[in-house]
Amino acid sequence: MADPQYIVAVRRSQRTVAPEDWLDQLRSTEGISVVGEMSGRAQISAAGDAVERLRAELGAFLHIEPLIEHLAQQPQDPPPPQTPDPPPPRL
């Protein structure tokens, strides 16, 4: 089973005081793998108790939430085209 994934973001109220190298600190935390990143956010994979350790180290600055995957319903094949019934024969 794959390690659980989380979204990590700098708390709005902490942007001015959060460590500038928070992303590097994420990467250096044992058991954490950065899967993706963008401005002020990161998606991580966390093994074992890595998230608890991350919360203890940087939790005052970071918001850490489990990733919720929304699985869209698979598109279904369209129904086959219907051919109109032939007109009844003329008598």
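Residues numbered from 1 in each chain as written. Predicted model: local features only at pLDDT ≥ 70, side-chain atom pairs only at ≥ 80, totals over all residues. Heavy atoms only, no water.

Participant: How do you make sense of the overall build of the chain when you look at a structure like this?
Facilitator: Within the chain one finds 2 helices and 4 strands. Along its sequence from the N terminus, the chain presents helices and strands in the succession β-α-β-β-α-β. Over its C-alpha atoms the chain spans a radius of gyration of 25 Å, topping by over 25% the 12 Å that the globule rule assigns to 91 residues. With the principal axes as the frame, the chain shows a C-alpha extent of 90 × 30 × 15 Å. Across the 91 residues in the chain, those meeting the buried criterion constitute 23%. In the chain, the proportion of contacts linking residues at least 24 apart, taken out of those at least 6 apart, comes to 60%. Accessible surface, the chain as shown: approximately 7,500 Å² in total, 53% of it carbon and sulfur. If you average the places of the 8 positive and of the 13 negative side-chain charges in the chain, the two averages end up 10 Å apart. (Helix = DSSP H or I, 4+ residues; strand = E, 2+ residues; numbered from the N terminus. Rg over C-alpha atoms; globule rule 2.2 N^0.38 Å. Buried < 20%, exposed > 50% of the residue type's maximum accessible area, 1.4 Å probe, protein only. Contact = heavy atoms within 4.5 Å. Areas by Shrake-Rupley, 256 points an atom, 1.4 Å probe, with all protein chains shown as cover. Lys, Arg positive; Asp, Glu negative; His and termini not counted. Charge placed at Lys NZ, Arg CZ, Asp CG, Glu CD.)

Participant: How should the sheet that holds strand β4 (residues 62–66) be read in this particular structure?
Facilitator: In a beta sheet, neighbouring strands are held together by backbone hydrogen bonds and run either parallel or antiparallel to one another. Ordered in space as β2-β3-β1-β4, the 4 strands form an open sheet in which the pairing is antiparallel. At either margin of the open sheet sits one strand with a lone partner, and together these are β2 (32–38) and β4. Here the average twist between neighbouring strands, direction ignored, is 25°. Alignment of β2 against strand β3 (residues 41–46), held across 6 bridges, turns out to be antiparallel. Its bridge partner being in β3, Val34 is matched across the sheet by Ile44. (Pairing = 2+ DSSP bridges. Axes fitted to C-alpha atoms, helices over the stretch in contact; angles between N-to-C directions.)

Participant: Just checking my understanding: could you explain the side chain of Ser45 for this structure?
Facilitator: Note that Ser45 resides in strand β3. If we skip the residues at most four places from it in the chain, Ser45 touches Asp3, Pro4, Gln5, Gly31, Ile32, Ser33 and Val35.

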